[in-house]
Amino acid sequence: MEEELTQEQKQFNRMTKTPICPLIMKLALPTTISMLVTSVYNLADTFFVSQIDTSASGAVSVVFSLMAIIQAIGFTLGMGGGSIISRSLGAKNQKKASEVFSTAFFSALALGVIIAVLGIAFSEPLMNFLGAVPSVLPYAQAYSKYILFGAPIMMGSYVLNNVWRAEGKAVFSMIALGLGGIINIFLDPVFIYKLDLGISGAAIATLISQLVSFILLFIPVLQHKNVSSLGFKYFSRNLSLNADIWLTGLPSLLRQGLSSISTILLNKVAGAIAGAAALSAMGIFSKIFMMIFCVGLGIGQGYQPVLGYNYGARKLKRVRQAFIFTFVFSTGIMVAFGLALYIFAPDIMPLFISDPEVIDIGTYALRFEALVMPLLPINVMCNMTFQSLGHRFKASFLSCLRQGLFFIPCIYVLSNFWGIRGIEAVQPISDILTFIVSIPFAIVFLRKLSKETEA
């Protein structure tokens, strides 16, 4: 017990006394690397499957919707639990942190099992509902079977990943997710081509990589290297605590859900205007943009545990310092990326495809987005800040703006007036409107912090 208290105090001192700038940078680096590796191996997975045939590629797109649902639920429990854990540890309430960790983790495993059982039992109607056409259906069923097998593992990993970040130990997550991603990239061609397993081989490779990541995230828990404890005895049936976890994680659910819906709508409208060229161009644009956006998200996720710990410890000056530093640093990074993207957009698109029409559409889309990239950090900062502090309504509202409340109307309004150029401008216009709405939230938050600090 003494050793555990010593570990808890050591971590508390690190999160509440280490200078803000190096602390956030140290936590942000592994988180950013983890997200970039995940993006890279998702691209690699899509690339290898696409070499099989068009139907196989279509199946991955269909099953991706299922994976997005699994991911959304896992992130909801992980982000919701992680936010409460960091604040609880900052307030030196280890018992509550352990209850939240155990409740979120075992809930994720149980829901994963339910999804797996129902998904496998109703495989055909589920794939049809997700949009599989007859030629794609057999591939989708074969691919989804192994993805569903991994649902409990995937959802458990999201909780473990967020708990490690909440405790300020993002290096564990980086190692686990990074190694899992590398293994997936290596196994894809082996299972698909060498072992001649086709699309099932790709799904098996994904399952194995997720299992490796889960094990690597879980082993330190068994070794008691984390501050909050995991065990059935800590699992809470208290409805209030369970609701707290879900509601705190709700912005993550809304953000990912609306992102999926808006992508579907954008593809339909873009396809109706310019056919396959528009779909291809906007797909490439999304992948390039997300690689850059992951850097901003990684910095923000390094900021979250610092915020939670210090807010829980009522060290409000450090909370203000953390917000300002992260905002300024993130904005500087986005300015640099935006400038580079604007200059090199015509050179980037041909790396993916040779079709002149696709290159033209994609180049305009990248350059439009490059102009507004410096505006992105404020919404990310406000969203993560309010979610970490348990301000659920504010966080949920802000998470709905960029990919929902502004994005979806922009699709129809801009495309109606400017056709394909309007489609290219949907994301940038949505980002500008989101920036305008987010600014007052940031100002009010900082002013309130200043008043509470002086009180």
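Please refer to the structure higher up on the page.
The rules behind the values
Residues numbered from 1 in each chain as written. Predicted model: local features only at pLDDT ≥ 70, side-chain atom pairs only at ≥ 80, totals over all residues. Heavy atoms only, no water. Helix = DSSP H or I, 4+ residues; strand = E, 2+ residues; numbered from the N terminus. Contact = heavy atoms within 4.5 Å. Phe/Tyr/Trp six-rings, centres within 6.5 Å; stacked < 30°, edge-to-face > 60°. Buried < 20%, exposed > 50% of the residue type's maximum accessible area, 1.4 Å probe, protein only. Axes fitted to C-alpha atoms, helices over the stretch in contact; angles between N-to-C directions. Parallel < 35°, antiparallel > 145°, perpendicular 65-115°, else oblique. Left-handed = near helix turned anticlockwise from the far one by under 90°. Nonpolar A, V, L, I, M, F, W, Y, C, P; charged D, E, K, R; others polar. Expected span 1.5 Å × (residues − 1). Bend = angle between axes of the 7 residues up to and from the residue. Core = buried A, V, L, I, M, F, W, Y, C linked by side-chain atoms within 4.5 Å. Salt bridge = Lys/Arg side-chain N within 4 Å of Asp/Glu carboxyl O. Patch = residues over 30% accessible without salt bridge, like charges linked within 9 Å, V, L, I, M, F, W, Y side chains within 5 Å. Areas by Shrake-Rupley, 256 points an atom, 1.4 Å probe, with all protein chains shown as cover.

What the chain contains, in helices and strands, is 16 helices and zero strands. Looking at the chain alone, contacts between residues at least 24 apart form 83% of all its contacts between residues at least 6 apart.

Attention shifts here to the packing of aromatic side chains. When we look at a pair of aromatic rings, we describe it by the centre distance and by the angle of the planes. If you walk through the whole model with that rule in mind, you get 18 aromatic pairs. Plain terms: the ring middles of Y364 and F368 are 6.1 Å apart, the flat faces sit at 50 degrees to each other, and that makes the pair tilted. Highlighted residues: Y364 and F368, both in helix α12 (residues 356-372), separated by four residues, approximately one helical turn. In this structure F368 comes out as partly exposed when scored by relative accessible area, which is 28%.

Attention now moves to the packing of helix α4 (residues 94-121) against helix α6 (residues 137-149). At a minimum axis distance of 8 Å, the contact between α4 and α6 shows a crossing angle of 160 degrees. With respect to α6, the axis of α4 lies roughly antiparallel. As α4 packs across α6, the resulting crossing turns out to be left-handed. Of the residues in α6, those in contact with I115, A116, G119 and I120 of α4 are K145, L148 and F149. A breakdown of the residues in the contact of α4 with α6 according to their chemical character gives five nonpolar, one polar and one charged.

When the terminal C-alpha atoms of helix α15 (residues 407-424) are compared, their 12 Å separation across 18 residues is substantially less than the 26 Å that a helix rising 1.5 Å per residue should span. A maximum bend of about 145 degrees is found in α15 at W418. Buried within α15 we find F407, C410, I411, L414, S415, I420, G422, I423 and E424.

Another aspect to go through is the side chain of T363. Turning to its location among the elements, T363 is positioned in helix α12. Classification of T363 as buried rests on a relative accessible area of 11%. Look past the residues within four positions of T363 in its chain and what remains in contact with it is A345, P346 and M349.

Attention now moves to the nonpolar core. Among the nonpolar cores identified, the biggest contains 80 residues, and I85, V306 and F445 are the most heavily contacted of them. Ranked by the residues each element gives to this core, the list is headed by helix α3 (residues 54-90), at 11 residues. When sequence neighbours within four positions are dropped, the list of residues in contact with V306 reads M15, I20, L23, I24, L27 and A322.

What follows concerns the pattern of salt bridges. Applying the stated criterion across every chain, the model contains four salt bridges. The partner of R402 in a salt bridge is D431, with the nearest N and O atoms 2.6 Å apart. With R402 in helix α14 (residues 392-405) and D431 in helix α16 (residues 426-454), the pair connects residues that are 29 residues apart, well separated along the chain. By relative accessible area, R402 is classed as buried at 11%. Residue D431 is classed as buried on the basis of its relative accessible area, which comes to 2%. Between R421 and E424 there is a salt bridge; the shortest N-O distance is 2.6 Å. Here E424 and R421 lie together in helix α15, a separation of three residues that amounts to about one turn. Classification of R421 by relative accessible area gives partly exposed; the value is 30%.

Below, the discussion takes up the environment of V171. Secondary-structure assignment places V171 in helix α8 (residues 170-194). Exposure remark for V171: the relative accessible area of 43% places this residue in the partly exposed category. A sequence separation of 142 residues divides V171 from L29, and the C-alpha atoms of the two residues are 8.7 Å apart.

Once that is clear, we can look at unusual backbone geometry. Despite not being glycine, D196 shows a phi value in the positive range, around 55 degrees. For D196, the location among the structural elements is in the loop between α8 and α9 (198-222). In this structure D196 comes out as exposed when scored by relative accessible area, which is 64%.

There is a patch of nonpolar side chains on the surface, built from L339, Y342, I343, F344 and L371 and spanning about 530 Å² of accessible area. Of all the elements, helix α11 (residues 316-348) adds the most residues to the nonpolar patch, at four residues.

Over its 13 residues, α6 runs 18 Å from end to end, which matches the ideal 18 Å to within 8%, given 1.5 Å per residue. Listed as buried for α6 are L137, A140, Y143, S144, Y146, I147 and L148.

Another point: the environment of G419. Within the secondary structure layout, G419 lies in helix α15. C-alpha separation for the pair G419 and A270, spaced 149 residues apart in sequence, amounts to 8.6 Å. Residue contacts for G419: discarding those within four places in its chain leaves I273 and L414.

Our next topic: the side chain of S415. Inspection of the secondary structure assignment puts S415 in helix α15. Beyond its immediate stretch of four places on either side in the chain, S415 contacts V269, I273, C410, G422 and I423.

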